[in-house]
Amino acid sequence: MRPTLALLLALAAGSPGALAAQHRPRPLPTPASVLGFVPGTDRRLVEWGPIVEYFRVLDAASDRVSVRTIGRTTNGVPFLAVFVSSAANLRRLGALRDAQARLADPRRSADSADAARLAARTPAFILITSSVHSTEVGGIFAPLEIAYRLATARGGELQAILDSTVVILVPSLNPDGVNIVARWYAQTLGGAAEGSSPPELYNRYVGHDDNRDWYAFTQVETRLVVDSLYGVWHPQVTMDIHQQGTLGARIFVPPYRDPVEPNVDPLLIEGVNALGTAIAWRLTAEGLTGVSTFTGYDAWTPARAFQHYHGAVRILTETASASLATPITVPFDSLRPSDGLDPQARSWNFAAPWPGGRWTLADILRYQTSAAMAMLDQVARNRGAWIGTSRRVAERAVHGWPEWPYAYVIPNAGQDGVAVGTLLEALRHAQVEVRSALAPFTLGRDRFSPGTYVVVLRQPYASFVAALFEKRLYPDLREYPGGPPIRPYDATAHTLPLLLGVRVFAAADSLPIALSAPVTVEPPVYRAAGLSAPAGNRSSRPAVRLAVYRSYTAPLDEGWTRYVLDTWNVPYESVTDSLVRGGGLGARFDALILPSMTARAIVEGLSARRYPARFAGGIGQPGVQALRDFVDGGGTLIALDDACDFAIDALALPVTNAVSGLGPREFYVPGSILRVAVDTTQALADGLPAQSIAWVESGMAFDVRDPTRVRVIARYPAQAADVLVSGWLIGAQNLVGRGALAEVRLGRGRVVLFGFKPQYRGQSLATLPFLFNAIRTSTR
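When you go through the protein chain residue by residue, the secondary structure sums to 23 helices and 30 strands. A compact globule built from 780 residues would reach a C-alpha radius of gyration of about 28 Å, and the protein chain, at 28 Å, matches this within 12%. Across its three principal directions, the C-alpha atoms of the protein chain cover 105 × 70 × 60 Å. A burial count over the protein chain gives 60% of its 780 residues as buried. With the model as given, the accessible surface of the protein chain reaches about 29,300 Å², and the carbon-plus-sulfur share is 52%.

Structure below.
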């Protein structure tokens, strides 16, 4: 801006007031100045573009903010990381990056005194991630508020945060979903569907499961974060901003409930407990009610808690939702107990119940932002303690835990190269060093050749390897002795080598051979023999004309199915309700996959009272008849997991699900790896070993009523003690000897019933051949 003549004359005269005006900082842009409304305004959401624009405008106006585009999302929009700190800290980010790398790896420090000197002059790094689940809409606005508050700080607590920490904000872990939800909300404002979830996944492939990808790293966005943020900046503290249901606490902060995965360092858990409790204390002091701790959310699976294995304290916040951006009214007497919390009763971990009433997006934003600022203040006040905590965790890992073997050995000979490559890629993204043997060696009776991969568990992130490579049984937690199970928050099994079908061997003691420097292996190329389209030519006629049913209820399994098919370059066409109802499927397709979903969701779909007609109604009875005609005419219907119940009933198949109707005290399998015996003489088992695994959630167990029409391809073991491999299973006796995978003849066609998920979250390469065989053998 050009100075006015009056200002120039005043400066020449040495006017103090004019000098003050010259040096007065220009006001920084507010979020409202770019968005066009104040964040938290009722019934206003925003697409990703204005979010990006605001941070870039703030970057240009403030020396405390630095915006970096670290890549592109699945749909090609910018993925941002926003660094917020004092101007002095931001000017030396390059040096701080090197300091963080040295602090994170004790092998790079000369001695403890060297590390102490380094820590004394390094701010704590804090990573705040948000909006991974795009219908949790407060999370898209909270980073704007946090950045603006810090950028405009003038002394006091906020200045101390800027001086003592570097805050890295990821405004959205799923920018594509921000657009999907905002556009759906805008289209439905004023109608019956206002505030509803969109009739599609809010991530191209994985929807809500985008927060279950933190050890397999299948998605672009996950890889961007681990490669460009965790692997470079090594934050000591992280916060993940989420939302939960409407009828419980107003916000959850840790401590987490039991169980804690055994390879999480106890010091990190105590850090979580201390920091989460301090946040709850401060929120209550600020007059916010309905703050809960130690309920609902556990610390078991690395699928959601990458940080626990990378030296960082992880704070999860879960704030009560409204109806997207539409306010709701929640009377006090409508609050409902769940996960051990009665929101109408005061308790040690719920000191001040919320009185009920109107709940808005502004309330959500206030709770989320207050929790984040409380966390930042606590870390700034105790910067050295948080840096020291992360450092001591790394030191323990480098020395090795008594419970760990010295190393894990991964043979590359006699194993599927794609599966081994996938495992090594996961370890690379997790910053785990993999070496290779320079000479032959033996472990017990097993002999290994030079080039065998070795992962030594004497490195900073060894706990990640231990958690994924162990066959771990989940504790048998009940509401009371002999009572129903306390449901885990997510899956209980995450033994990645088992899921991939890769054999690994534990070496209890150090290996008497030389090892190479850390190696990097070329990423695997995924091709399904006889199915994948020719390289660079997806327009050619496919070997099998494949359809995938795409329901408007947006089941996660449908997205994962498409992800697997696209990754392996298998052509397919998505078919929606109207196309199925229209019939004539046999003229267009040889095989049709029904992803895991309930019979009711398939037949009835979304409610016509809530959703526009084009999205409502499911396949209905005309669609059921169309599927029956498709199979009778020679087509192959492939039903995955829960969809088997639909296929059995709708097509009157001579098969029963033996565990249908059993209560959780009789049968319960919340995402576990089970053992199956495979009939390798069958075409569907081509390339499979005689003993394999199945990733099972909820579970199916098939009894055959007409052996002339049904072939069991894989079945559970004959002894109950042999069924469970990793995870948790109640009622193994209900599975003994029963079918896990069956092929049923119907008319001129067939139905393939998968009582498990052969493509589970893109991870279960061990069982993908079953699915590909079912597709490959579907030609008429």
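So much for the structure itself; the text now carries on.
Here we come to unusual backbone geometry. Pro-254 connects to Pro-255 through a cis peptide bond whose omega is 20 degrees. Its place among the elements puts Pro-255 in the loop between β6 (251–252) and β7 (257–260). The omega torsion of the bond from Asp-258 to Pro-259 falls at 5 degrees, within 30 degrees of zero and hence cis. Mapped onto the elements, Pro-259 comes out in strand β7. The backbone of Arg-43 sits at a positive phi, close to 65 degrees, despite the residue not being glycine. Along the chain, Arg-43 turns up in the loop between α3 (31–35) and α4 (48–61). One non-glycine residue, Ser-131, lies in positive phi territory at about 55 degrees. Within the fold, Ser-131 resides in the loop between β3 (124–130) and α8 (138–151). On the basis of relative accessibility, which here comes to 3%, the residue Ser-131 falls in the buried class.

So, about the sheet that holds strand β14 (residues 435–436). Read across the open sheet, the four strands follow the order β14-β17-β13-β18; overall the sheet is antiparallel. Of all strands in the sheet, those with a lone pairing partner are β14 and β18 (505–507), marking the two edges. As judged from the four bridges shared by strand β13 (residues 407–410) and strand β17 (residues 453–456), these two strands associate in the antiparallel manner. When the bridges of β17 are listed, Ala-407 appears paired with Val-456. Set on the sheet, helix α15 (residues 417–429) makes contact with β13 and β17; between it and β13 the angle comes to about 145 degrees.

On to helix α11 (residues 220–233). Given a rise of 1.5 Å per residue, 14 residues ought to cover 20 Å, and the 19 Å separating the end C-alpha atoms of α11 matches this to within 8%. Along its length, α11 reaches its greatest deviation from straightness, about 30 degrees, at Val-226. Of the positions making up α11, those classed as buried are Glu-221, Thr-222, Leu-224, Val-225, Val-226, Leu-229, Tyr-230 and Trp-233. His-234, located one to two residues past α11, shows a positive phi value of around 50 degrees.

Each pair of packed helices can be summarised by the angle the axes make with each other and by the distance between the axes. Direction vectors running N to C along α4 and α8 enclose 10 degrees, while the axes themselves pass 11 Å from each other. Between α4 and α8, the angle falls in the class roughly parallel. Where α4 approaches α8, its residues Trp-48, Ile-51, Tyr-54, Phe-55 and Leu-58 are matched on the opposing element by Ile-140, Pro-143, Leu-144, Ala-147, Tyr-148 and Ala-151. Each residue belonging to the contact of α4 with α8 can be placed in one class, and the counts come to eleven nonpolar, no polar and no charged.

Once that is clear, we can look at the sheet that holds strand β1 (residues 65–72). Pairing in this open sheet of eight strands is mixed, and the strands run β1-β2-β4-β3-β5-β10-β6-β8 from one edge to the other. The sheet terminates laterally at β1 and β8 (291–292), the two strands that pair on one side only. Note: strand β5 (residues 237–244) against strand β10 (residues 313–320), eight bridges, orientation parallel. Pairing of His-242 across the sheet is with Glu-318, part of β10. The strands touched by helix α6 (residues 93–104) are β1, β2 (78–84), β3 and β4 (165–170); relative to β3, the strand with the most contacts, the crossing angle is about 95 degrees. Contacts from helix α9 (residues 156–164) reach β2, β3 and β4, with the element oriented near 90 degrees to β4.

Another aspect to go through is helix α16 (residues 462–469). With eight of eight residues buried, α16 is to be regarded as a mostly interior element. Listed in full, the buried residues belonging to α16 are Ala-462, Ser-463, Phe-464, Val-465, Ala-466, Ala-467, Leu-468 and Phe-469.

Topologically, His-242 is positioned in strand β5. The exposure class assigned to His-242 is buried, which follows from its relative accessible area of 2%. A distance of 3.5 Å separates polar atoms of two side chains, one belonging to His-242 and the other to His-133. Of the polar contacts made by the side chain of His-242, one reaches the side chain of Asp-240; its length is 2.9 Å. Setting aside anything within four residues of it in sequence, one finds His-242 in contact with Val-132, His-133, Glu-136, Asn-211, Leu-316, Thr-317, Glu-318, Thr-319 and Gln-368.

Two descriptors summarise a pair of aromatic rings, namely the distance from one centre to the other and the angle between the planes of the rings. Using the criterion set out here, one finds 33 aromatic pairs in the structure. Look at Trp-184 and Tyr-611: their rings are 6.0 Å apart centre to centre, the planes differ by 20 degrees, and that puts the pair in the stacked class. In this pair, Trp-184 is assigned in helix α10 (residues 175–188) and Tyr-611 in the loop between α20 (599–604) and α21 (620–632), connecting sequence segments 427 residues apart. For Trp-184, a relative accessible area of 5% translates into the label buried. Overall, Tyr-611 belongs to the buried group, its relative accessible area being 12%. Ring geometry for Trp-359 and Tyr-367: centres 5.3 Å apart, planes at 65 degrees, overall edge-to-face. Owing to a relative accessible area of 2%, Trp-359 belongs among the buried residues under this scheme.

Right, let's get into the nonpolar core. Counting 117 residues, the largest nonpolar core has Ile-410, Phe-754, Phe-770, Phe-772 and Ile-775 as the members making the most contacts within it. Dropping the residues within four chain positions of it, Ile-410 is found in contact with Gln-415, Val-420, Leu-423, Leu-424, Leu-427, Thr-452, Tyr-453, Val-455, Phe-469, Val-502, Arg-503 and Val-504. In terms of nonpolar packing, the next biggest core, distinct from the first, is built from 88 residues, Met-239, Ile-241, Leu-324 and Tyr-367 among them.

Time to look at the pairing of β1. Pairing analysis gives seven bridges linking β1 to β2, with the strands arranged antiparallel. Looking across to β2, one finds that Arg-68 is bridged to Ala-81.

The next subject is the confidence of the model for the protein chain. Confidence in the prediction for the protein chain averages 95 pLDDT; 96% of positions are at 70 or higher. Every residue in residues 1–23 scores below 50 in pLDDT, and together they form eight contacts with partners more than four places removed in sequence or on other chains.

Once that is clear, we can look at the side chain of Thr-218. Residue position: Thr-218 is located in the loop between α10 and α11. Overall, the relative accessible area of 9% leaves Thr-218 in the buried class. Polar side-chain contacts of Thr-218 include one of 3.0 Å to the side chain of Gln-219.

Conventions adopted
Residues numbered from 1 in each chain as written. Predicted model: local features only at pLDDT ≥ 70, side-chain atom pairs only at ≥ 80, totals over all residues. Heavy atoms only, no water. Helix = DSSP H or I, 4+ residues; strand = E, 2+ residues; numbered from the N terminus. Rg over C-alpha atoms; globule rule 2.2 N^0.38 Å. Buried < 20%, exposed > 50% of the residue type's maximum accessible area, 1.4 Å probe, protein only. Areas by Shrake-Rupley, 256 points an atom, 1.4 Å probe, with all protein chains shown as cover. Pairing = 2+ DSSP bridges. Contact = heavy atoms within 4.5 Å. Axes fitted to C-alpha atoms, helices over the stretch in contact; angles between N-to-C directions. Expected span 1.5 Å × (residues − 1). Bend = angle between axes of the 7 residues up to and from the residue. Parallel < 35°, antiparallel > 145°, perpendicular 65-115°, else oblique. Nonpolar A, V, L, I, M, F, W, Y, C, P; charged D, E, K, R; others polar. Polar contact = N/O pair within 3.5 Å; in protein donor to acceptor, adjacent residues only side chain to side chain. Phe/Tyr/Trp six-rings, centres within 6.5 Å; stacked < 30°, edge-to-face > 60°. Core = buried A, V, L, I, M, F, W, Y, C linked by side-chain atoms within 4.5 Å. pLDDT = per-residue confidence, 0-100.

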